[in-house]
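What the coordinates show
Spelled out from the first residue to the last, the chains are:
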Amino acid sequence: MTKKTSVSVVRCESYNGDKVITAIGQTFDFFGGIQNIIKKGTKVLLKPNFIRESAPEDCTITHPTVIEAIAKKVLEMGATPIIGDSPAFGAILKIASRAGLDCFTEEHGIEIIELDSPRRVKTKCGAKPFTLTVSSRALDVDAIINIPKLKAHGQLLYTAGVKNMYGCVSGKRKAWRHFQSRDDIEWYTEMLLANYHAVKPTFTIVDAIMAMEKHGPSGGIPKQVSLIFGGIDCIAIDRVIAEVINAQPSQSPLLKTAKAHNIGEQNLNNITILGESLSSAKIPDFILPKLVPIGFTTFRVMKSLAKHLWLKNFGKAVLFLLTLSLLLPMNAFSDSEANRLTNFPSQVAIDDIIHVPTGQKVQFSDLAHFFNCASVLYVGETHANKAAHQVQLKILKTYYEKFGNTIAIGMEMFTRPYQPFLDQWVAGEIDENKFLEETHWDSEWGYDYYLYKDILDFAREKKIPVIALNAPKTVVKMVSKNGLKGLSEEEKKQLPEIDTTDNFHRTYLERAIREHMVDRTADLEKYNDVQNLWEEYMAQTIADYLSSWEGKDKKFLAFAGNGHIIYDFGIPEKVFRRSHLPYYTIYPAEFHGDKPPPEHDLFFPEIPLEPADFVWVIPPLVEQKRIYLGVQLKKTSDNKLVIQEITPKSPAEKTGFMVGDIILSIDGNAVKGVPDLVHYLQTKKFGDTCIVEIERDGTKISYSVTLFEIEEE
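Report follows, based on the coordinates. (Residues numbered from 1 in each chain as written. Predicted model: local features only at pLDDT ≥ 70, side-chain atom pairs only at ≥ 80, totals over all residues. Heavy atoms only, no water.)

This part covers the packing of helix α16 (residues 386-403) against helix α20 (residues 453-462). Axis separation between α16 and α20 bottoms out at 9 Å; the angle between their running directions is 15°. By the angle class used here, α16 and α20 are roughly parallel. Between α16 and α20 lies a crossing whose hand is left-handed. Counting all contacts with α16, which are made through H389, Q392, L393, L396, K397 and Y400, the residues of α20 involved are D454, I455, F458 and K462. (Axes fitted to C-alpha atoms, helices over the stretch in contact; angles between N-to-C directions. Helix = DSSP H or I, 4+ residues; strand = E, 2+ residues; numbered from the N terminus. Parallel < 35°, antiparallel > 145°, perpendicular 65-115°, else oblique. Left-handed = near helix turned anticlockwise from the far one by under 90°. Contact = heavy atoms within 4.5 Å.)

Let us look at the sheet that holds strand β14 (residues 360-362). As summarised here, the arrangement of the 8 strands in space is β14-β13-β20-β19-β15-β18-β16-β17, forming an open sheet in which the pairing is mixed. The open sheet has two free edges, formed respectively by β14 and β17 (466-470), since each of these has just one partner strand. Taken pair by pair, the neighbouring strands of this sheet meet at an average axis angle of 25°, ignoring direction. Here helix α17 (residues 419-427) sits on the sheet and contacts β16 (407-415) and β17; the angle it forms with β17, its principal contact strand, is near 155°. Where helix α25 (residues 571-579) meets the sheet, its contacts fall on β15 (376-379) and β19 (583-590), and the angle it forms with β19 comes to roughly 170°. (Pairing = 2+ DSSP bridges.)

Turning to the pattern of salt bridges, a few remarks are in order. For the structure shown, the criterion picks out 28 salt bridges. With a closest N to O distance of 2.8 Å, E437 and K635 form a salt bridge. Taken together, the residues span a long stretch of sequence, with E437 in helix α18 (residues 432-438) and K635 in strand β21 (residues 631-635) at a distance of 198 residues. According to the relative accessible area criterion, K635 is partly exposed, its value standing at 31%. Linking K492 and E489 is a salt bridge whose minimum nitrogen-to-oxygen distance equals 3.7 Å. Taken as a pair, K492 and E489 lie in helix α22 (residues 489-492) at a separation of 3 residues, close to a single helical turn. (Salt bridge = Lys/Arg side-chain N within 4 Å of Asp/Glu carboxyl O. Buried < 20%, exposed > 50% of the residue type's maximum accessible area, 1.4 Å probe, protein only.)

A cis amide bond links G216 to the next residue, P217, at an omega of 20°. The phi angle at S117 is positive, at roughly 50°, despite the residue not being glycine. Of note, S117 is situated in the loop between β4 (111-114) and β5 (118-125). On the basis of relative accessible area, S117 is assigned to the partly exposed category, the value being 35%. Positive phi is not limited to glycine here, since N639 has a value of about 65°. By the element assignment, N639 lies in the loop between β21 and β22 (641-646).

Here you go:
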């Protein structure tokens, strides 16, 4: 005996809230009520069609009123609704906000998530096996309510239940599968059905109150249909819809393939219609599209990805990726790291400079030609590696030679409150010791000042403005403690606009801190908030300076850690979002032999972007022990450096220093502050001797101190 399936057809004339809630309630009631579909205490994914940012009246996305009505039913059931999709273009939070969903979700505490975190699964279309990558966030919920929009579709004739589940594939991978199809519509529809098998929804409700006809899946014409379809079997739902919009099943590539593989029910005699009859529901004048090829050329895939990035505010990445469409084979965007490295030189040496989009090695003089084209030049660093700072200094000097006093330097190392002391330093109004004390260099940045000294000395010599880029420590602590969502309205006023939704950025951060995470979700959220705070704050500082009277039309050099510029999604993207000024990125990369070490991986398989415009090969960091006397010092009100503690078995103890001694000079150089002593000692080697003059009980004493490594207890 043939097992029948059911499809409900409920009339709903408008998106009036009460009418939609009534229609959704009727839809569930036809199937025994929502309690017969989901269980109390479960986590339920509501999967709308959020292809791109659009006004609801354009009929490109599932109408928010329908989503809200279903969410309310789930909440009434005592379950937890989550709204999730992986848009083809843009970020889901922006799409939801444009649709007006954010107020509703905030009021009811409903999370909106990107269906990312891809997982490979073995699935099938009928008996044909497939291995596909779908979102683990969709796979891990207890139930899925599929909420598609009825739309014409240029490759599939129309879309509803089955195709909407393709949104469980991350945005960038959809275009890749189009490319893989190579215009084989049978393979493509088999893949869609295998995807549907892998993430089959618990229940489906199709928003066809207003549909889209003639063109699609976007850019079509709104069409009043006044219906909501519901059911469990998406094939049966899609078949009933075909009948309603006057489409022959043989015209639909998806229904043809489903029938060939005996998937779902298409025989109307075996489908029980609940609610409106098919004759009363029929829309005979629904305009169907003319079908076009399913395959994407390399250019179209790249264009699609570029558009996705643009709508996620990856401004400069658009131009970058469109250029790559002419330069790179498509397999540069596959999951294979080896393939992505084929464009990179197989042999590199220290100080090689590689133009990443082409893989060509260039001379420094060639690199300098690019300086004319960019308003902002980002030069990264590994903070403790002197070689990276030598790259920065070389670029700074060439920048000055080319552009003179029309340049400025931005430095991550200084926070905004210390800008007055940077100005005084550049103007020659304070000495180095005062500068380091006032900016709290050792306590707030902590890396050896001598790594940066040549850069700051050159800026002082040439009177080049140095801009403190970073967020105040108090603001960072506030966000680190409470997270962005936990801030009060007054606290939020201290922050720039912050976007934490970029999936590639999150992927990078998760991989970077994975081994340090205790609570993976909580730790990643906290780290993501703080990282974005740093980068948005620095971006806002750069954009503000370049739009000010003193910074307008200046060339800007930004010195920051490599992690803030890699893949463009840190500071570069955030400045571009604010200013749309052209820029380049230079990434000093530590290489061991021919390839970067794993902890500085330039080609993450999960991120289909190039790491920088240029990679500058530098030697790996060689850890060196810092040299200390072994004393703890306190500066008194009369500017004397008094020894407070002496480290056991240290050069100071062996020499005979005593608590209360006042340090006056070292090798004839007056010691006016702790930085003077610390930084001078770093110019020495273990085994060297130096003459330290101290004052004890009013008497000056000179000691010859032999410097050796202090043994750790």
